[in-house]
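# Fold and geometry: a report
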Amino acid sequence: MPPLSFSTARKAEYAVLYLALPGRPQVSAGVLLLDPERDQLHVRLRETWDQLADPEDVEILTLLEEDFKLRSNELGGAKFLQFVEDTFSNTLQTGGREKIAVGDFERALARLYERNVEGAPAAPVTIPATASKLPLYSLRAAAGKFGEDMEVEPEGWVAAPEAMRLNQDLFAIHVAGRSMEPRIPDGSLCVFETYRGGSRQGKWMLVWNRGASAGGGEFTIKRYTSRKAVSEDGEWRHEEIRLEPLNPEYEDLVLNPGEDYRTIAEFVRVVPYEEL
């Protein structure tokens, strides 16, 4: 299943804006979602403030969303979000930034608002996979060099991406690292399909360093390429296996054919936040 068959998700960052008026409990006021690639800040704040603030404050708070949008357009999304984080510390303040992968920013903003402002939690998945769920594993593949030694354990289940045809070989993991950006954002949830044989040339593969530990090991995701030669007895053998990153800041990993590595699965797609 080629990785380019799906629409891409982009890396994004968001922060929740909080309102802390004197004599009142702190409440979530809205969400600021940054698209770094386009330097655009998506803003959604509460529409009604009557039950949260005095009338004189309500008048100001009602104008806040439009003011944020205008100022972020003038300064750029990243600069304005940094300005908010650096200067808002009393009545209005932000929580820490979180990284997510986003395909549709408007849908993601609506989902973030629903969960962080309206208080609707993500629906828990507590039963085995059906036609709409995938197993989630604790392995966090290093999208750079081989990552730290990690034990591989099931964590539960996640909702499958929309309109995906499922099979028993599909599973989900979180990816850590920037070497496959922009196509696989750091920290994103990704779907893989267990490798059952066949050509790996040019495909994005999850590779396991088997010797790292008995129950886990070190993992990485890269574009797999190899060079083969025919031996004297007529059999094909690998001369070189090369794992190539997408991010030009990272170097290729060259594996010796005799080393203890194993191809685990092929990358299918990133699951954007709005589909979770």
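First, a word on scope: everything that follows refers to the structure included in this document. Because the structure is a prediction, the values reported are computed rather than measured. (Residues numbered from 1 in each chain as written. Predicted model: local features only at pLDDT ≥ 70, side-chain atom pairs only at ≥ 80, totals over all residues. Heavy atoms only, no water.)

## Some thoughts on the overall build of the protein
A tally of regular secondary structure across the protein gives 4 helices and 14 strands. Sorting the 276 residues of the protein into buried and exposed places 43% on the buried side. Taking contacts inside the protein between residues at least 6 apart in sequence as the whole, the part at least 24 apart equals 63%. Only carbon and sulfur atoms are counted for the fraction: they give 47% of the accessible area of the protein, which is about 14800 Å². (Helix = DSSP H or I, 4+ residues; strand = E, 2+ residues; numbered from the N terminus. Buried < 20%, exposed > 50% of the residue type's maximum accessible area, 1.4 Å probe, protein only. Contact = heavy atoms within 4.5 Å. Areas by Shrake-Rupley, 256 points an atom, 1.4 Å probe, with all protein chains shown as cover.)

## Notes on helix α3 (residues 77-87)
All buried positions along α3 are accounted for by Gly77, Phe80, Leu81 and Val84. Considered in projection along α3, the buried side chains sweep an arc of 100 degrees and stay on one side of the axis. For α3, the exposed residues lying more than 90 degrees away from the buried face are Lys79 and Asp86. Where α3 is buried, its residues touch β1 (10-19), β2 (27-35), β3 (40-45), α2 (64-75) and β4 (92-94). (Arc of directions from axis to C-beta.)

## Concerning the pairing of β3
The side chains of a regular strand alternate between both faces of the sheet. Bridge count for β2 against β3 is 6 bridges, and the pairing is antiparallel. Across the sheet, residue Leu32 finds its bridge partner in β3, namely Val43. (Pairing = 2+ DSSP bridges.)

Keep in mind these numbers describe shape, not what the thing actually does.
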